[in-house]
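So the chains spell out like this:
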2 protein chains.
Amino acid sequence: MAKEGAGMTEETEYMIDRHVGKDADCSADSPHDAKEMRAVILSGFGGLNKLRVSRKPMPEPQEGEVKIRVKACGLNFLDLMVRQGTIENPPKPPLVPGFECSGIVESVGENTKGFEIGDRVMAFVNYNAWAEVVCTPAEFVHKMPDRMTFAEAAAFALNFVTAYMMLFEVANLREGMSVLVHSAGGGVGQAVAQLCSTVPNVTVFGVASCFKHAAIRDSVTHLFDRNADYIQEVKRISPEGVDVLLDSLCGENTGKGLSLLKPLGTYILYGASNMVTGETKSFFSFAKSWWQVEKVNPIKLYEENKVIAGFSLLNLLFKQGRCGLVRSVMDKLLCLYDQKKIKPVVDSLWALEEVKEAMQRIHDRGNIGKLILDVEKSPTPLMASDSTETSEAGEEEEEPEGDNDSKERMPFIH
Amino acid sequence: MAKEGAGMTEETEYMIDRHVGKDADCSADSPHDAKEMRAVILSGFGGLNKLRVSRKPMPEPQEGEVKIRVKACGLNFLDLMVRQGTIENPPKPPLVPGFECSGIVESVGENTKGFEIGDRVMAFVNYNAWAEVVCTPAEFVHKMPDRMTFAEAAAFALNFVTAYMMLFEVANLREGMSVLVHSAGGGVGQAVAQLCSTVPNVTVFGVASCFKHAAIRDSVTHLFDRNADYIQEVKRISPEGVDVLLDSLCGENTGKGLSLLKPLGTYILYGASNMVTGETKSFFSFAKSWWQVEKVNPIKLYEENKVIAGFSLLNLLFKQGRCGLVRSVMDKLLCLYDQKKIKPVVDSLWALEEVKEAMQRIHDRGNIGKLILDVEKSPTPLMASDSTETSEAGEEEEEPEGDNDSKERMPFIH
């Protein structure tokens with residue numbers, strides 16, 4: 001990693017064809033230079049225009065690391081927050097975003113145990129995942145089952161490990177319990193729904209935008225419109241409330257959520273997507289949100305017999321060194337995958353050059369399941385944008401660059 | 001209960017012999033009047049002088065209730081808070097304190113299922129336990145194992161159910177984890193230590209006053225002086241912290257406690273004994289403490305992967321109707337008792353008339369295990385008090401009544 005870091009400081013980053021999308025077979029044409037690779041670069045915190053695809057020095061694996069030829073990368077809501085800088089202690093741009101990928105082991109560093117060249121793997125990466133090649137310590141790398149596709153693998157690790165650990169490590173989900181999940185149509189939401197179905201008689205209350213309801217109705221027991229007063233509707237169905245509440249929104253929902261818990265129920269905050277509103281650069285919104293979030297009095301928890309928890313898989317892995325625990329969870333998940341009890345839901349595949357459109361889709365919460373950056377995919381041809389679909393990004397962009405933001409690509413819907 | 005309530009409003013309460021302690025065989029002498037019973041009465045919130053033993057109308061079981069001839073009652077730290085009025089929404093005095101007892105079923109109300117006259121039982125009671133006779137709904141009553149004594153039974157229910165539910169329902173204690181418990185020498189502390197020993201390889205960090213260390217050293221893995229900087233000592237032994245932290249103190253300890261948790265660790269507040277300082281009546285100290293307690297930001301929990309919970313068994317039973325869950329926990333506990341894996345620790349037995357001395361002992365944290373009011377016990381003879389042991393109670397009493405507070409009894413140490 002040190003070597004790669006050094007490379008970054010001497011960044012010779014240059015924009016490859018800005019309208020690369022129009023050149024559908026660009027990546028096939030480019031010479032395969034072993035000293036460089038393509039990567040998505042975030043040049044500074046802010047709007048979509050801060051993202052571009054550039055060439056970067058090829059990373060080489062350090063001791064204990066695995067070098068992966070990336071096939072697919074996962075795109076998460078957190079990546080939007082990274083782009084805006086609305087996370088705690090963001091690294092200094094320019095940087096390569098992305099926290100997970102799948103691919104093939106190309107080489108290993110000294111003293112790297114457990115992996116061989118050619119292994120199909122999925123990996124957690126502490127940034128730098130959105131590239132053709134990634135190096136990451138072996139403890140963050142997991143072998144893929146034979147029948148799992150690279151797109152599925154890139155959709156699997158973060159969402160399913162997060163869902164599993166929240167349900168079974170933090171909340172101790174058991175037969176007969178009930179779970180409410182926000183963003184039921186998202187990657188974690190769909191993983192939660194599938195994992196709940198592995199426990200007998202678990203009721204899942206899902207909250208999602210109306211337009212997703214038809215697609216995800218079968219995955220949950222009850223489905224509510226996120227713009228309606230779902231609190232009242234849940235209380236009508238289950239006056240006592242729910243046993244587990246999974247909140248990726250934060251903000252006003254903390255208090256609402258606690259009020260919806262049964263005694264001994266557990267509220268888990270695992271994201272803060274309410275911190276992302278428009279596309280504007282907002283360096284201070286993390287701090288602002290911190291103060292705006294309703295704080296919890298432990299005596300209230302005592303009076304009401306309630307549990308409140310926070311869960312961040314990336315912090316658990318990269319700040320708190322819990323790789324061993326995560327590996328044991330991954331083993332259980334791969335068992336469930338083998339038994340065909342769970343299967344990652346892929347929303348759509350995008351070329352690296354289409355990262356802006358992919359981000360806009362997740363920002364607009366248009367996805368059902370996971371958005372994947374398919375490194376080998378060529379961008380789809382641009383078409384004239386439909387004026388009724390003017391995006392927030394377009395409206396709030398601080399530094400319009402007159403690039404292809406006014407065009408739209410046809411995403412490759414899986 | 002309604003009938004008893006009516007009786008309270010026409011309270012004909014009179015002080016029986018104020019110095020009943022001197023008359024060692026008082027209870028044996030008194031005629032057994034079936035229309036009255038002896039009970040501890042709290043005449044108003046405040047110091048020890050608010051407590052006395054009086055006669056009250058005999059309660060009769062209502063529909064679904066069990067009438068219990070009480071043999072022993074449990075005395076808990078919470079009873080001190082009730083006496084001082086430092087709990088949320090305390091009932092209006094005069095009242096009979098006490099939340100648990102053991103005894104023999106004397107009769108049952110209409111439609112009361114599951115109990116017969118003569119059954120040996122232990123019961124949770126929503127006040128009114130410290131009396132010769134108690135009526136309580138059958139769902140709060142549990143049969144005692146044959147070999148369990150009444151004193152053990154009165155020491156069992158609240159402490160062991162609380163300890164079990166915190167460790168296994170809230171915190172999901174598993175092999176290899178670590179638990180830190182405050183007040184390790186108290187009733188809950190000793191129950192926690194015993195229950196931890198039923199799980200392989202659990203490390204117990206106990207915090208207790210130095211003078212208890214010799215007596216409880218074998219029950220825990222590591223023992224710390226509550227007046228020393230145990231946080232640093234725990235971190236020295238276990239730099240990562242602990243998996244479960246059980247706090248009955250509240251106050252400044254919330255923040256300290258959270259800092260001592262491992263990632264995915266659980267902090268459980270199950271009491272607030274720091275709210276009790278002296279013996280002064282302090283109607284506002286509950287509200288004050290509420291505001292003084294450090295509040296928790298959910299985003300901090302997210303960043304640090306931590307869990308904070310509150311647990312109040314009495315609220316769970318009497319406000320939140322979780323009798324069924326508590327019964328299933330009690331069944332598991334009685335199994336462990338039968339297997340001789342757990343055994344309640346009784347600190348000392350006291351006559352009803354000795355309730356002040358018993359309260360002073362728990363206030364001074366002098367107990368190891370549970371203090372029991374033994375309804376059939378005669379008060380021990382008074383002896384001149386040792387001037388070096390002037391109690392806080394004596395010093396801070398607002399309305400000194402010149403009664404036997406200046407005398408001390410020899411407690412019957414079990």
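Residues numbered from 1 in each chain as written. Chains lettered and ligands numbered in written order. Predicted model: local features only at pLDDT ≥ 70, side-chain atom pairs only at ≥ 80, totals over all residues. Heavy atoms only, no water.

### Remarks on the relation of the copies chain A and chain B
Phase 1 of the analysis: Overlaying chain A on chain B yields an RMSD of 0.0 Å, the required transformation being a rotation through 180 degrees with an accompanying axial translation of 0.0 Å. Put plainly, the chains are arranged around a two-fold axis.
Phase 2 of the analysis: In this assembly the copies share their binding face: 100% of the residues contributing to the interface of chain A also contribute to that of chain B. (Least-squares fit on C-alpha atoms with pLDDT ≥ 70 in both. Contact = heavy atoms within 4.5 Å.)

### With respect to the pattern of salt bridges
Phase 1 of the analysis: Applying the stated rule across the entire model yields 34 salt bridges over all chains.
Phase 2 of the analysis: Between Glu132(A) and Arg38(A) there is a salt bridge, with the nearest N and O atoms lying 2.9 Å from each other. Within this pair, whereas Glu132(A) is found in the loop between strand S5 (120-124) and strand S6 (133-137), its partner Arg38(A) is found in strand S1 (residues 36-42), the two being separated by 94 residues in sequence.
Phase 3 of the analysis: Between Glu353(B) and Arg38(B) there is a salt bridge; the shortest N-O distance is 2.5 Å. Of the two residues, Glu353(B) is situated in the loop between strand S14 (346-350) and helix H13 (355-363) and Arg38(B) in strand S1 (residues 36-42); the sequence distance between them amounts to 315 residues. (Salt bridge = Lys/Arg side-chain N within 4 Å of Asp/Glu carboxyl O. Helix = DSSP H or I, 4+ residues; strand = E, 2+ residues; numbered from the N terminus.)

### Focus on the confidence of the model for chain A
Residues and elements named next belong to chain A.
Phase 1 of the analysis: Across chain A, pLDDT averages 83, with 78% of residues at or above 70.
Phase 2 of the analysis: The model gives residues 279-284 a pLDDT under 50, and that stretch makes 22 contacts with residues more than four places away or in other chains.
Phase 3 of the analysis: Segment residues 384-410: pLDDT under 50, and 52 contacts once partners within four positions in sequence are set aside and those in other chains are kept.
Phase 4 of the analysis: Here the predicted complex carries an ipTM of 0.84, next to a pTM of 0.84. (pLDDT = per-residue confidence, 0-100.)

### Brief notes about the side chain of Arg322(B)
Phase 1 of the analysis: Tracing the chain through its elements places Arg322(B) in the loop between helix H11 (313-318) and helix H12 (323-338).
Phase 2 of the analysis: Among the residues examined, Arg322(B) registers a relative accessible area of 12% and is labelled buried.
Phase 3 of the analysis: A polar atom in the side chain of Arg322(B) sits 2.9 Å from the side chain of Glu240(A).
Phase 4 of the analysis: Apart from residues no more than four positions distant in its own chain, Arg322(B) is found in contact with Glu240(A), Lys262(A), Pro263(A), Leu316(B) and Leu317(B). (Buried < 20%, exposed > 50% of the residue type's maximum accessible area, 1.4 Å probe, protein only. Polar contact = N/O pair within 3.5 Å; in protein donor to acceptor, adjacent residues only side chain to side chain.)

### Some points on the interface of chain A and chain B
One widely used convention gives an interface's size as the accessible area the parts lose upon coming together.
Phase 1 of the analysis: Between chain A and chain B, the contact holds 47 residues from the first and 47 residues from the second.
Phase 2 of the analysis: With both sides pooled, the region where chain A packs onto chain B buries about 3,900 Å², and carbon together with sulfur makes up 59% of that total.
Phase 3 of the analysis: When the buried area of chain A at its contact with chain B is split by residue, Ile299(A), Tyr302(A) and Glu303(A) rank highest and sum to 17% of it.
Phase 4 of the analysis: Taken together, the connections running from chain A to chain B amount to six salt bridges.
Phase 5 of the analysis: Put simply, chain A and chain B have 16 residue pairs in polar contact (both at pLDDT 80 or more) between them.
Phase 6 of the analysis: The biggest single contributor to the side of chain A that touches chain B is helix H10 (residues 298-304) of chain A, with seven residues.
Phase 7 of the analysis: Bridging between strand S13 (residues 307-310) of chain A and strand S13 (residues 307-310) of chain B involves three bridges; their strand directions are antiparallel. (Buried area = accessible area lost by both parts, 1.4 Å probe. Pairing = 2+ DSSP bridges.)

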